[in-house]
Amino acid sequence: MLDFAIRNVSILDGSGSPAFAGDVGLKDGRIDGVGAVGAAHKELDARGLTLSPGFIDTHSHDDGAFLRYPDMMFKLAQGVTTVVSGNCGFSAVPADPARDPMQMSGGILAGLNGDFRDLDGYFKTVLELKPNINNMMLVGHNTVRTMVMDMAQRSPSPDELAQMKAHVERALEQGACGFSSGLIYRPGRWSQTEEVTELARCAAPFDALYTTHMRNEGDHLLEAVEESLTISREAGVHLHISHHKAAGPGNWGKVRDSLARVDTALAAGQRVTLDVYPYTAGSGRMVEYFNLDRVNQALAEVIRIARCPAFREFEGRMLKDIAVEQGIHITEAVRMILTAPRGDHTICIHFIIAEEDIETNLAHADMMVGSDGIPDLRGRPHPRLFGTFPRVLARYVRERGILKLPEAVRRMTSLAADTFGMIDRGRIREGAFADLVLFDPAVITDTATYDDPKQYPDGIKAVWVNGALSVLDGEDRKAGAGQMLRFRRT
Ligand code: CU
Ligand code: ZN
C-alpha cells in the first residue's frame, strides 16, 4: 500500500522531456511508482495540474534562515524543496561561537550565535529545528579568511593559507558541495587570484565546485569572467558563476560577451554553469556598495531601502525621494544612513540590470535559477525572496516564451541536482526522493512586489518534501521533513 497517490496528473519528470499523463505513488519518502500506481492511504486527484520535481534554489543565503525561520515558507511556498546555501563567500561554517557572527558571515548569521563550529555541528543544530526544506552547503572564502586572518588587507602567509585550506577541506569532507567566493566583499576583495586558486584546489579531490560572486559585475565583467575561468581551470574544478549579470547601464548587453567566453570554455571541455535571478534589481548590505569618501551618485539614484534599523521610516522608499524630503544631497543621504547606529545593517535594493539581459541569460542552456534572496523578513526585502521560481514560469516561460516549460523545469530541477551533487533528487522516477511540486502552469505566478514583497505566489497546489505533504493550498503543514544534504551522498 502506497502512502500517497497523485492521480491523473501531467508529469514533467525534470529531464526536459515533454509532459506525460499518469499517476505518481509515494512510499517511505521516495517515489514508488510512475504511470499507473496501486492503492494508497491518501489520494489526490490532480487532473489539470502539472507535477514536477521540487525546485532547487541554486543560490541562497539561507544558512541563518534555517535557524531563524525553519518553516522556510518563503521558499517552500514557491515550490522550492532544496536550497544551496553558503554562497558569495559567506557560510555558516566554519564558525567560532566566540566570534561576531555578523562579521564572520557577512550578515547572514546576524543575531544568531549557533553553538556549532563545523558542518556536522551546523547540520545537527538545524535538524533539531525540523526544517521544512533540504539544504546543501558551500563553504565560503570570506568566512574562512575572516576566521584565520580577520580583516587583514594583504595576502595570507603560507601558514595562514594552510589553515584556510584545512577549514575548506574539513567542510568538504563533511559534505559541502564546494567552495564559494565573493570577491567584491570584504575580506575577499583583498585576495589575489592565486589565493583563491589554491583554496579552490581543495575541491578537486572531491570533484566539488568552485562557485563565485565575481570580482566585478560591471565595467570589468569580462576580466572577472576570465579570472573565474582561470581559477577553475587551474584548480581542476567545475566553475559555477553566481547571479550572472552586467551591472549599470553602460554595461548592459555585456552578458552576451560573457556567455560567449563561457561557451568557448565549454567547447574546450571546461565544466561551467551559471545562475540568474529574474529581476532587474540586486540587493545586499548597503555598506558593501559605497565608499563614503567618494559616494557613487549614479548608484545612489537607483537605490531603494529594504531594511534600515536606524531609519525604519525609510524602508520601502527610493533614496532619491528620501534625499528630497530631508532636503539633503543624495550622496549625503547615503552617508547619513551608513554612519547612523547599526547603519552597516542596512539592506538596499539597487536597480542595475537590463530586462533584456535577464532574457539572454535565461536562454542559455546551462543557466539555472537562483533567488539570491536575503532571508531577513524585517523591513521590505527584495521580492525575489518570495517570488523567484513562479516568476520565471509566469513571466519568462508563459508570457515571454524565452524558454519552454519542460526546459525551465529541467534547469530548476535535474540540472541543479546533478551539478550540485544531490543524489536521487531533481527527477520524477522510481526510487528518487519524493520532492515534488504540483502547480497549474496556466496560473502560477509571483505576487511579491517591491512595495509588498512578503507575498506567497499563486497557482501552486501542493509541495512534498521527502515524501511529506508540506504545503497544501498555501498552508504550511508543519511536516518538518527537510534534510541536510551531503555532496554526492544520500
Ligand atoms: Cu549571493
Ligand atoms: Zn553574490
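Predicted, not measured: the structure shown is a model, and the values here were computed from it.

Focus: the overall build of the chain
The helix and strand inventory of the chain stands at 16 helices and 21 strands. Against the globule reference of 23 Å for 490 residues, the chain gives a C-alpha radius of gyration of 22 Å, in line with a compact fold. With the C-alpha coordinates of the chain rotated into their principal frame, the extents come out at 70 × 55 × 45 Å. Per-residue burial over the chain gives 62% buried out of 490 residues. Contacts in the chain between residues at least 24 apart in sequence constitute 76% of all its contacts with a sequence separation of at least 6. Per element, the accessible surface of the chain, about 17500 Å² overall, is 49% carbon and sulfur. Of the charged side chains in the chain, 54 are positive and 65 negative; the average position of the first set lies 1 Å away from that of the second.

A short note on the coordination of the copper ion (ligand 1)
All of the protein donors around the copper ion (ligand 1) are His59 (NE2), His61 (NE2), Cys88 (SG) and Asp372 (OD); their distances to the metal are 2.0 to 2.3 Å. When the donors of the copper ion (ligand 1) are listed by position in the chain, the intervening gaps give H-x1-H-x26-C-x283-D. The class for cysteine 88 is buried, based on a relative accessible area of 3%.

Details of the coordination of the zinc ion (ligand 2)
Protein-derived coordination of the zinc ion (ligand 2) comes from Cys88 (SG), His213 (ND1) and His243 (NE2), at a distance range of 2.1 Å. Every donor residue of the zinc ion (ligand 2) comes from the same chain, spaced as C-x124-H-x29-H. The copper ion (ligand 1) is placed at 2.9 Å from the zinc ion (ligand 2), the two being bridged by cysteine 88. Of this pair, cysteine 88 sits in the loop between β7 (80-85) and α3 (101-104) while histidine 243 sits in the loop between β11 (238-241) and α9 (254-267), and the two are 155 residues apart along the sequence. Accessibility expressed as a relative area gives 1% for histidine 243, which makes it buried.

Observations concerning the nonpolar core
Counting 138 residues, the largest nonpolar core has Tyr122, Tyr210, Met286, Phe290, Ile305, Leu319 and Leu393 as the members making the most contacts within it. Ranked by residues supplied to this core, first place goes to helix α14 (residues 384-399) with seven residues. Taken together, domain 1 (55-280 + 352-424) and domain 2 (292-346) each give at least three residues to this core, which thus spans both. In contact with tyrosine 122, not counting residues within four places along its chain, are Asp62, Asp63, Phe66, Ala92, Val93, Phe116, Asn135 and Met137.

Looking at the pattern of salt bridges
Counting across every chain of the model gives 41 salt bridges. For aspartate 118, the salt bridge identified is with arginine 170, shortest N-O distance 2.6 Å. One end of the pair, aspartate 118, is in the loop between α3 and α4 (119-128); the other, arginine 170, is in helix α6 (residues 158-173), with 52 residues separating them in the sequence. When its relative accessible area of 43% is taken as the criterion, arginine 170 is described as partly exposed. In this structure, arginine 307 and aspartate 376 form a salt bridge, with 3.1 Å as the shortest nitrogen-oxygen distance. Placement of arginine 307 in strand β14 (residues 303-307) and of aspartate 376 in the loop between β16 (367-369) and α14 is noted, with a sequence separation of 69 residues between them. Aspartate 376 matches arginine 307 in its accessibility class, with the two residues each being buried. Residues joined in a network through salt bridges with shared partners are Arg7, Asp23 and Glu43.

Observations regarding the packing of aromatic side chains
Taken as a whole and judged by the stated rule, the model has 12 aromatic pairs. Taking the centre distance of 6.0 Å and the plane angle of 45° together, the rings of tyrosine 122 and phenylalanine 123 count as tilted. For the residue pair tyrosine 122 and phenylalanine 123, the accessibility class agrees, reading buried in each case. Plain terms: the ring middles of phenylalanine 179 and tyrosine 210 are 6.1 Å apart, the flat faces sit at 25° to each other, and that makes the pair stacked.

Quick word on the domain arrangement of the chain
Accessible area lost upon the coming together of the parts serves often as the stated size of an interface. As assigned here, the chain comprises domain 1 (55-280 + 352-424) and domain 2 (292-346). The gap between the C-alpha centroids of domain 1 and domain 2 is 27 Å. Listed as interface residues are seven residues of domain 1 and, on the opposing side, eight residues of domain 2. Buried area between domain 1 and domain 2, both sides added, is near 610 Å², and the carbon and sulfur share of it is 57%. The largest contributions to the domain 1 side of the interface with domain 2 come from Met102, Arg378 and Arg380, which together make up 65% of the buried area. Taken together, the connections running from domain 1 to domain 2 amount to two residue pairs in polar contact (both at pLDDT 80 or more). Partitioned by chemical class, the residues of the side of domain 1 that touches domain 2 number three nonpolar, one polar and three charged.

Examining the side chain of threonine 143
Position of threonine 143 relative to the elements: it lies in helix α5 (residues 141-149). In this structure threonine 143 touches Gly89, Phe90, Ser91, Val93, Pro94, Met104 and Ser105, once residues within four positions along its chain are discounted.

Overview of the pairing of strand β12 (residues 272-276)
In terms of residue burial, β12 counts as a mostly covered element, since five of its five residues are buried. Of the two faces of β12, the one lined by Val272, Leu274 and Val276 and the one lined by Thr273 and Asp275 are each fully buried. As paired strands, β11 and β12 are joined by three bridges and run parallel to one another. In the strand pairing of β12, isoleucine 241 is matched with leucine 274. Note on the crossover from β11 through α9 to β12: the handedness is right-handed. Sheet topology note: the β12/β16 ladder contains three bridges and is parallel. Opposite aspartate 275, over in β16, you have methionine 368 as the bridge partner.

Notes on helix α7 (residues 193-200)
Note on helix geometry: an α-helix contains 3.6 residues per turn, so any two residues three or four positions apart are oriented the same way. Inspection of α7 places Glu195, Val196, Thr197, Leu199 and Ala200 among the buried residues, and these make up the whole buried set. Contacts from the buried residues of α7 go to α5, α6, β9 (178-182), β10 (209-213) and α8 (221-235).

The rules we used
Residues numbered from 1 in each chain as written. Chains lettered and ligands numbered in written order. Predicted model: local features only at pLDDT ≥ 70, side-chain atom pairs only at ≥ 80, totals over all residues. Heavy atoms only, no water. Helix = DSSP H or I, 4+ residues; strand = E, 2+ residues; numbered from the N terminus. Rg over C-alpha atoms; globule rule 2.2 N^0.38 Å. Buried < 20%, exposed > 50% of the residue type's maximum accessible area, 1.4 Å probe, protein only. Contact = heavy atoms within 4.5 Å. Areas by Shrake-Rupley, 256 points an atom, 1.4 Å probe, with all protein chains shown as cover. Lys, Arg positive; Asp, Glu negative; His and termini not counted. Charge placed at Lys NZ, Arg CZ, Asp CG, Glu CD. Donors = N, O, S within 2.8 Å, 3.2 Å for Na, K, Ca; no water. Core = buried A, V, L, I, M, F, W, Y, C linked by side-chain atoms within 4.5 Å. Domains from an automatic or database assignment. Salt bridge = Lys/Arg side-chain N within 4 Å of Asp/Glu carboxyl O. Phe/Tyr/Trp six-rings, centres within 6.5 Å; stacked < 30°, edge-to-face > 60°. Buried area = accessible area lost by both parts, 1.4 Å probe. Polar contact = N/O pair within 3.5 Å; in protein donor to acceptor, adjacent residues only side chain to side chain. Nonpolar A, V, L, I, M, F, W, Y, C, P; charged D, E, K, R; others polar. Pairing = 2+ DSSP bridges. Right-handed = clockwise from strand over helix to strand, strands pointing away.

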